[in-house]
Amino acid sequence: MNKRPVSKILASSLAVLTVAASQAAMAARDHISIVGSSTVYPFTTTVAERFSRATQFKTPVVESTGTGGGMKLFCQGVGEGTADITGASRRIKQSELEMCNENGVDVVEVQVGYDGIVLANARSAKRYNLSRKDIFLALAKEVPNPDGSETLVANPYKTWKDVNPALPNTRIEVLGPPPTSGTRDAFVELAMEGGCKKFGWIAAKKSEDKNAYKAICHNIREDGAYVEAGENDNLIVNKLVANPDALGVFGFSFLDQNSDKVQGSVIEGEQPTFDSIADQSYPVSRPLFIYVKKQHADVIPGMKQFLAEFTSERAWGEDGYLADKGMIPLPEERREQVAQNVRKMNALGNLAKKQ
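Calculation criteria
- For every chain, the first residue of its written sequence is number 1, and the numbers climb from 1 along that sequence.
- Under the rules for a predicted model, residues below a pLDDT of 70 receive no local features and side-chain atom pairs below 80 are neither given nor counted, while totals for whole chains, interfaces and linings still include all residues.
- Each side-chain value is worked out from all heavy atoms of the structure, with water and hydrogens disregarded.
- By definition here, a salt bridge exists when the distance from a side-chain nitrogen of Lys or Arg to a carboxyl oxygen of Asp or Glu is within 4 Å.
- Numbering goes from the N terminus for both helices and strands, where a helix is a DSSP run of H or I of at least four residues and a strand is a run of E of at least two.
- Only protein chains enter the area calculation, which uses a 1.4 Å probe; residues under 20% of their type maximum are buried, those over 50% are exposed, and those in between are partly exposed.
- Pairs of cysteine sulfur atoms within 2.5 Å are what we label disulfides.
- Each direction from the helix axis to a C-beta atom contributes to the arc, which is the arc of those directions.
- These domain boundaries are the output of an automatic or database domain assignment.
- In what follows, residue pairs with any heavy atoms lying within 4.5 Å of each other are defined as contacts.
- Defined in terms of a 1.4 Å probe, buried area is the accessible area two parts forfeit on being brought together, summed over both.
- Planes of paired rings set the category: under 30 degrees apart is stacked, over 60 is edge-to-face and the rest tilted, where pairs are Phe, Tyr or Trp rings (Trp by its six-membered ring) whose centres lie within 6.5 Å.
- Here, over-ring charges are defined by two tests on the NZ atom of lysine or the CZ atom of arginine: distance to the ring centre within 6 Å, and angle to the ring normal within 35 degrees.
- Patch membership requires over 30% relative accessible area and the absence of a salt bridge. Like charges are linked within 9 Å, and nonpolar side chains (Val, Leu, Ile, Met, Phe, Trp, Tyr) within 5 Å.
- In this description, accessible areas are obtained by the Shrake-Rupley approach with a 1.4 Å probe, and a residue is regarded as covered only by the protein chains that are shown.
- Charge convention: Lys and Arg are scored as positive, Asp and Glu as negative, and His as well as the terminal groups of each chain are ignored.
- To locate a charge, the coordinates of NZ of Lys, CZ of Arg, CG of Asp or CD of Glu are taken.
- In this description, a line fitted to the C-alpha atoms serves as the axis of each element, helices being fitted only across the stretch in contact, and the angle between N-to-C directions of two axes falls anywhere from 0 to 180 degrees.
- Angular relationships are summarised with four words: roughly parallel below 35 degrees, roughly antiparallel beyond 145, roughly perpendicular across 65 to 115, and oblique for the angles in between.

**Structural notes on the pattern of salt bridges**
Argument step 1. This model, assessed by the stated rule, comprises 15 salt bridges.
Argument step 2. The residue R90 makes a salt bridge to D185 at a minimum N-O spacing of 2.6 Å. Of this pair, R90 sits in the loop between β3 (85-88) and α4 (94-102) while D185 sits in helix α7 (residues 182-196), and the two are 95 residues apart along the sequence. The pair formed by R90 and D185 is uniform in burial state, with each residue classed as buried.
Argument step 3. Salt-bridge contacts for E228 lead to R184; the nearest nitrogen and oxygen are separated by 3.5 Å. One end of the pair, E228, is in strand β9 (residues 226-228); the other, R184, is in helix α7, and 44 residues separate them in sequence.

Right, dumping it as C-alpha cells:
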C-alpha cells in the first residue's frame, strides 16, 4: 500500500487553507486594504480616489505605516485581517520575501516609478550645497579620525563648517525618518554610503568584511544631531519652516508639494528636480514599489481593476496625474513590462540584483 509523503499532505493542506482564507477575505471585506510607505502613500491615495470615482467599487483604505511596518502587516498571511497591498520606498528584502512565503503569501512586485530623497531646509534660509561625503561626515556615528590616520572616532563634528569649511557655521540638526522607514533605508544606502566609500580604506572593507563596512557607512549618530521625526513627512516640513537652521530628509514629492515653504539642497552639483531624478543625474534617487498579495487578487472586490488603474498611462505615464503629484515615471518600455507582469500576476521568486 502506497502512502503519501507527509510533505505532500502538508503542502496540500496548506493550499486548501490558503484558498479558504482567501475566500473568507472576500466574504468578510468589501474594500481593498493598503498599508506601507509614507512616500508612496500620497500616490496610492490619489489612485484610490480616482478609482472610487470612476468605478462602482468602494474606496480603498490606505494607511501610512512606513515601509518596514507595512511589510510586517502584509506578510502576516492571507485572509480578511491582512493587507492586500503594501507600498515600499525601497525594494522588498530577501528576509521579508521569505517571511511572506513562509506565511503562504505569494508576492507580486510592481515598480511604479522613481523618487529622489532630498535634504531640504526652509526657503527663508540659504540653500545648502553638499556632497555625499559631507552628509556622511555630518551624520555617521563614527567617522575617520581627523588626524588623517585610518582609524575611526566618535563623530566630533558639531557644525556644518566643522565638516567642510565652505559650509555654514550652523549646528548640525537633521530631522529624518526612523529605522522602520524605507526612506531612511534608501538615505543611508544612497547618501551616507555614497559618501562613506569616498574613503578608500573604508571602501576596501566591503570585500573584507561586509558587515563591518555596513556598520561604518549606515550607522547614524545618536547624540542629537539626527532627530527621528516619525513617518509623517508633512510634520518634518512644518518643523523646518519653524526652525530655519534645521535640515530635513524626505521624498521629492513632499518637496514638490511644499516648494513654497522648503528648498532642496544641491547634492554634488545637482538640484533635486523632476528631470534630474528621471535621468538619474541626481545622486540620491530610488525606485518606488507596491507589492500585491496574489491570493487576494481574484477575491477582494476591485483588486485587479485598481491595479489596472495604477498601471494605466493616465495614472503613471509621463503626462499622468501621478507625475503631477511628484512621482517620476518609469521609461515607457519599463512601464509596459511592469504592466504586463501585473496582468499575468507573476509572483516574485528569489530576489535578483537590485533594479
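**Points about the state of the cysteines**
Argument step 1. Applying the stated criterion across every chain yields a total of two disulfides.
Argument step 2. Disulfide pairing is shown between C75 and C100; the S-S distance is 2.0 Å. Handedness of the C75-C100 disulfide follows from its S-S torsion of about -75°: it is left-handed. Note that C75 is positioned in the loop between α3 (67-74) and β3 and C100 in helix α4, a separation of 25 residues in sequence. Exposure class is identical for C75 and C100. Each is buried.
Argument step 3. Here C196 pairs with C217 through a disulfide, and the sulfurs are 2.1 Å apart. Judged by the sign of its S-S torsion, about -65°, the cystine formed by C196 and C217 is left-handed. On the criterion of sequence distance, the pair formed by C196 in helix α7 and C217 in helix α10 (residues 210-218) is long-range, its members being 21 residues apart.
Argument step 4. With its bonded cysteines labelled in order along the sequence, the protein chain shows the pairing 1-2, 3-4.

**Details of helix α14 (residues 303-310)**
Argument step 1. Among the residues of α14, M303, F306, L307, E309 and F310 are the ones counted as buried. Looking down the long axis of α14, one finds its buried residues gathered within 155° of arc, a one-sided arrangement.

**Remarks on the domain arrangement of the protein chain**
Argument step 1. When its domains are assigned, the protein chain resolves into domain 1 (30-115 + 287-344) and domain 2 (116-285).
Argument step 2. Computed from C-alpha atoms alone, the centre-to-centre distance between domain 1 and domain 2 is 28 Å.
Argument step 3. Each partner contributes to the interface: domain 1 provides 21 residues, whereas domain 2 provides 21 residues.
Argument step 4. In total, domain 1 and domain 2 occlude about 1500 Å² of area from one another, counting both sides; carbon and sulfur atoms represent 51% of this.
Argument step 5. Considering only the surface of domain 1 that becomes buried against domain 2, S38, D115 and I328 emerge as the three largest contributors, covering 37% of it.
Argument step 6. On inspection of domain 1 and its partner domain 2, the count reaches one salt bridge.

**Details of unusual backbone geometry**
Argument step 1. Positive phi, normally seen in glycine, also occurs at E268, with a value near 50°.
Argument step 2. Mapped onto the elements, E268 comes out in the loop between β12 (266-267) and α13 (274-278).
Argument step 3. The class of E268 is partly exposed, set by a relative accessible area of 33%.

**With respect to α10**
Side chains three or four residues apart in an α-helix point the same way, a direct result of the helix having 3.6 residues per turn.
Argument step 1. Among all positions in α10, only Y213, I216, C217 and H218 are buried.
Argument step 2. On its buried side, α10 packs onto α5 (132-139), β6 (142-144), β7 (152-154), α7, α8 (200-203) and α9 (205-208).

**Remarks on the packing of aromatic side chains**
Aromatic ring pairs are defined here through the distance separating the ring centres and the angle between the ring planes.
Argument step 1. Applying the stated rule across the entire model yields six aromatic pairs.
Argument step 2. A ring pair is formed by F51 and F57, whose centres lie 5.7 Å apart and whose planes are at 5°; its orientation type is stacked.
Argument step 3. Taking relative accessible area as the criterion, F51 reaches 2% and is therefore assigned buried.
Argument step 4. Where F289 meets Y291, the ring centres are 5.7 Å apart and the plane angle is 25°; that geometry is what we call stacked.
Argument step 5. We classify F289 as buried; its relative accessible area is 0%.
Argument step 6. Judged by its relative accessible area of 0%, Y291 is buried.
Argument step 7. In this structure, R50 is placed above the aromatic ring of Y321, and the distance from its NZ or CZ to the ring centre is 4.1 Å.

**Concerning a negative patch on the surface**
Argument step 1. Among the surface-exposed residues, E318, D319, D324, E332, E333 and E336 lie close enough to one another that they form a single negatively charged patch.
Argument step 2. Top element by residues in the negative patch is helix α17 (residues 332-344). It accounts for three residues.
Argument step 3. Tracing the backbone through its elements, the reader meets E333 in helix α17.

**Digging into the packing of α5 against α7**
Argument step 1. As a packed pair, α5 and α7 sit with axes 6 Å apart at the nearest point and diverge in direction by 100°. Considered as vectors, α5 and α7 are oriented roughly perpendicular to each other. Facing α5, whose interface residues are R132, K133, I135, F136 and L139, α7 presents F187, L190, A191, M192, G194, G195 and C196.

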